[in-house]
Each structure stands twice: as C-alpha cells, then as structure tokens.
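So the chains spell out like this:
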Amino acid sequence: MASLLTHDRAAASGIALHVEHALQSIPFIDIHTHLFMPALGRLGLWGIDELITYHYLEAELFRSSTLTPEQYFAMSKREKADAIWQALFVDNPPVSESTRGVVAVLQAFDLPTSSPDLREARAFFESRQLDSHIDHVLKLAGISEVVMTNDPLDPEEAPLWERAGADRRFHPVLRLDRILNKWPDHWRVLESQGYRVDAEASGGAIAETRRFLADWCKRMKPVYMAVSLPDTFQFPENSLRGRLLAEAVLPSCREFDLPLSTMIGPRYQVNPRLKLAGDGVGKADLRAVERLAADYPDNRYFISVLSRENQHELCVYSRKFANLMPFGCWWFLNNPSIVEEITRERIEMIGTSFIPQHSDARVLEQVVYKWRNTRRTLAPILTNSYSLLAEDGRAVTRADIEQDVRRMFRTNFERWIRRA
Ligand code: FIX
Ligand code: ZN
C-alpha cells in the first residue's frame, strides 16, 4: 500500500482526504442510547414533536421564554413543541448545539428549516412507516446498530420482554439504576417478580438479586450491564449500593462474561421543576474507579464521566488499568469545544484504545445530527494526529487510518462485548 505521506507536509491534505473518507465510509456502532426497538412499542420516540421536546431543549426554553416549568409541563406534547419552536427557532436563531441539531435533521429530510410553524414537518413524519424509517435514519447517521437502555424494573417495559424478539439493529442493555441507586423504592418490584429480597438486602437477598440478574440476562441477552452513578459515588462503600455492586452485580457480570458500564457524575434533580431536564453535574472522586479496576481485575468496564474536570484523570486511570474502556463525551460534554479537548487528550495518552463517542439519543432522528457533529469534530483532530506522526517520521497509510477509525467506532466495543 503506497504510503500517503513520507515527510512532505504538502501531502498532509492527502491525510485529510483519507480521514474524511474513513469517517464517512465506515459504519459506526452507537454504544449508548435511549432508543428502543419497534418490538418495544410506544417506548421508542421519533418524529418532530419528540425531537423538539427533547429535555436538552426544554432546559434551554426557560431561558428564552416567560413560560414557567409548571405552565409548560401542563401543555400537550404539540403545545410544548410549538412553544419551543417559537422561542428557540423563530424568535431566536437556533445556534445552540441541540437547536442546530434539529435544524440538521430537518435539512437531512429536505424539510424547511425556518418555517413559522411545524405543519409541514408533522405531515412528513406522520407519513413515515417506522421500520423503513429506522433503516433510513441509521443509514443517514452512518451507524449500523444502536445499543439500548433497558430497565427490568420499569413497569411499562418489563412485561414487553416476555414476547420481544431480537432486532439486529438494536442491542439490549440491562440497566441497574433502580437496583443500585434506589433499592429502598424498588426492592418490592423484585419481590413481586418472585425474588425473596428485603429492604436491607440482607440474608439471601444478594443471592436472590443474582438470580434476578441471571434470569434477565437469559431473557434479554444484554451486551452489557449499565448504571448511572452520582458525583458522590464512593467505592468500596459499606452501603446498600456498595454491597449490591460488589456482591451481586460484579459477580454476575463475570458469570455472564459481560462488561459493566459505569457512567459517573450527575447531580440528579438539582432543579426538580425541570423534570428530566433537571439534572446537573458534579466532579466525582475517581478513586472509586481505581478500586473497581484494581480490586476486580476480572471485570471489564465501559466508563464515562460527566465532569469536564474528571476527563484527564480518567485518561491517566485508563493508562493504569487495561480493563477500563473510556467512552463518549457524555451529555453536557457533547459540544465541539469540549469534545475536541477530551478526544485530543485521549489520543495523546492512550492512542486509539477508547471509544470517542456515543449519541445518548432519546429520539430516533437525533442520531442523524449527533453523528454528523462527531464526524465533523473528529476529522481535524485525527488529521492533526496523523500529520504529526508523518512529520515525526512514520509514513501514514490509508489502511492505518481506516484501521484506527474502525477500532475506535467498532472493534473496541465488539472486543469488549466478545463479538470480535
Ligand atoms: O443516565 C443516562 O443514561 C443519561 O444519559 C440520561 O439520564 C440523561 O438524561 C441523558 O439522556 C443525557 O444525554
Ligand atoms: Zn444515557
């Protein structure tokens, strides 16, 4: 394979072209979303009213409207979307990351992007047949499959798994927040499903929780288990969460050879009036991650942290522990100015042994703009890395670049879930 570049900076443009081609031609895997396969019915959100009432936009609404949260949440879905469209797209240019994203989706479907109302967009999405629409959206986003977030204690979702079959486009994940973070509120749901547990998770409750996890692993066939943990998370810890994590979840992950995804850093409901949009962020104590990685070396982890101030620390821990797989620029970090900083320091410290991004999409069509933005932000970063390598004396080939892009957006994940 002819090398793209020996020591000639002028050929750096060749690198840029091949970075662009690799990013555009290699389908990515979206390793964390809140999307649902059609077999899970109404749980799956899609279409213009869901796009516009995304909780990121709800948070932005109240900064540009006189509406109070109480007035807004009393509205219908359409009234909410109309209010957000008026305030954030008509009265003001949609320059924020999340408002521009909706514009990008409209453009992707050749819909008007500056209408005074949503009539035409509504008519278009209402005309779509969901299954073929999903295929079209994944193709537009350049992703081959998405990973879901599935809650075995959600009273609406749990019963659907009795009949739900597999969908090659959607991979299940066993989400454990209600067990690990809210045991007192949810242990009775486990009990109602036939597991002998109690409020203190005492006696045989740990074994019964493992039986619950085993039954759901057999039913759901998850690709990993996952939990969101607050900025105050400590481990090890003599607490319900500390014991359930150490004695039930980590052993079950080893039993079923599954990674555990730990997403650490939200300060939940700092403003409850905003409901799902009410969460904030806090700097976490990553010594908890150090202990998870060091004391449970036979477990492997996907790990994402929400505070910008924790990112460099996570890179250092990833150099110390190969059972950590850093992923994504999560939530409040998913903005080009911060994605660039995080991605560059990751490449500088751990090469391409990480997963740069996930979408966290809650509405199907969001993957179109979230992945367009990722490719747009990653291109100059990767071009810079390869140009420096070439300048420092190592020829860079097209195959090198394609191997790295495939590694970051596919095989690092596939290896972790034992699919590669
Ligand atoms: O815990 C999570 O999976 C978070 O991503 C969500 O709770 C959060 O609301 C979100 O969607 C962020 O993008
Ligand atoms: Zn999420």
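Nothing here was measured: the structure is a model prediction, and the numbers come from that model. (Residues numbered from 1 in each chain as written. Chains lettered and ligands numbered in written order. Predicted model: local features only at pLDDT ≥ 70, side-chain atom pairs only at ≥ 80, totals over all residues. Heavy atoms only, no water.)

It is worth spelling out the overall build of the protein chain at this point. Along its length, the protein chain carries 17 helices and 10 strands. Relative to the globule expectation of 22 Å for 420 residues, the C-alpha radius of gyration of the protein chain, 22 Å, shows essentially globular dimensions. In terms of its C-alpha atoms, the protein chain occupies a principal-axis envelope of roughly 70 × 55 × 40 Å. Counting every position in the protein chain, which comprises 420 residues, the buried fraction comes to 57%. Sequence separation of 24 or more characterises 76% of the internal contacts of the protein chain that already satisfy a separation of 6 or more. (Helix = DSSP H or I, 4+ residues; strand = E, 2+ residues; numbered from the N terminus. Rg over C-alpha atoms; globule rule 2.2 N^0.38 Å. Buried < 20%, exposed > 50% of the residue type's maximum accessible area, 1.4 Å probe, protein only. Contact = heavy atoms within 4.5 Å.)

Moving on, we come to the site of ligand 1. Around ligand 1, a shell composed of His 32, His 34, His 55, Tyr 56, Arg 175, Ser 228, Met 263, Trp 330, Trp 331, Asp 360 and Arg 362 is seen. At 3.0 Å from an oxygen atom of ligand 1 is found a side-chain nitrogen or oxygen belonging to His 55. Among the cavities detected, the one that contains ligand 1 is the largest pocket. (Near = heavy atom within 4 Å. Polar contact = N/O pair within 3.5 Å; in protein donor to acceptor, adjacent residues only side chain to side chain. 1 Å grid on protein atoms, 1.4 Å probe; cavity = no way out; pocket = protein on both sides within 12 Å on 5 of 7 lines; lining within 4 Å. Sits in = over half its atoms within 2 Å of the grid points.)

Another point: the sheet that holds strand β9 (residues 301–305). Read across the open sheet, the five strands follow the order β4-β5-β6-β9-β10; overall the sheet is parallel. Because the sheet does not close on itself, it has two edges, and the strands there are β4 (174–175) and β10 (324–326). Along the sheet face, helix α14 (residues 311–320) touches β9 and β10 and points at about 145° away from the line of β10. (Pairing = 2+ DSSP bridges. Axes fitted to C-alpha atoms, helices over the stretch in contact; angles between N-to-C directions.)

For the zinc ion (ligand 2), the full set of protein donor atoms is His 32 (NE2), His 34 (NE2) and Asp 360 (OD), and the range of their distances to it is 2.1 Å. Here the donor residues of the zinc ion (ligand 2) share one chain and are spaced in sequence as H-x1-H-x325-D. Of this pair, His 32 sits in the loop between β1 (28–30) and α2 (48–52) while Asp 360 is found in the loop between α15 (336–350) and α16 (366–391), placing the two residues 328 residues apart along the sequence. Overall, Asp 360 belongs to the buried group, its relative accessible area being 8%. (Donors = N, O, S within 2.8 Å, 3.2 Å for Na, K, Ca; no water.)

Between helix α8 (residues 130–141) and α16, the least distance of the axes is 8 Å, while the angle of their chain directions is 15°. As judged from the angle between their axes, α8 and α16 are roughly parallel. The crossing of α8 and α16 is right-handed. Here α8 contributes Val 137, Leu 140 and Ala 141 to the contact with α16, which in turn contributes Val 367, Val 368, Trp 371 and Arg 375. Partitioned by chemical class, the residues of the contact of α8 with α16 number six nonpolar, no polar and one charged. (Parallel < 35°, antiparallel > 145°, perpendicular 65-115°, else oblique. Left-handed = near helix turned anticlockwise from the far one by under 90°. Nonpolar A, V, L, I, M, F, W, Y, C, P; charged D, E, K, R; others polar.)

Okay, the confidence of the model for the protein chain next. Mean pLDDT over the protein chain stands at 96; residues scoring 70 or higher make up 97%. Across residues 1–7 the pLDDT falls below 50, and counting only partners more than four positions away or on other chains, this stretch makes 22 contacts in the model. (pLDDT = per-residue confidence, 0-100.)

The next point concerns the layout of surface pockets. In this model, the largest pocket occupies a volume close to 1300 Å³. Lining the largest pocket are 41 residues, and of these His 34, His 55, Arg 175, Leu 276 and Arg 362 lie nearest its centre. Mapped onto the lining of the largest pocket, the elements with two or more residues apiece are α3 (55–61), α5 (77–90) and α9 (177–180). Top contributing element to the lining of the largest pocket by residue count: α3, with three residues. Each residue belonging to the lining of the largest pocket can be placed in one class, and the counts come to 14 nonpolar, nine polar and 18 charged. (Points joined across faces, edges and corners; volume = space filled by probe spheres on them.)

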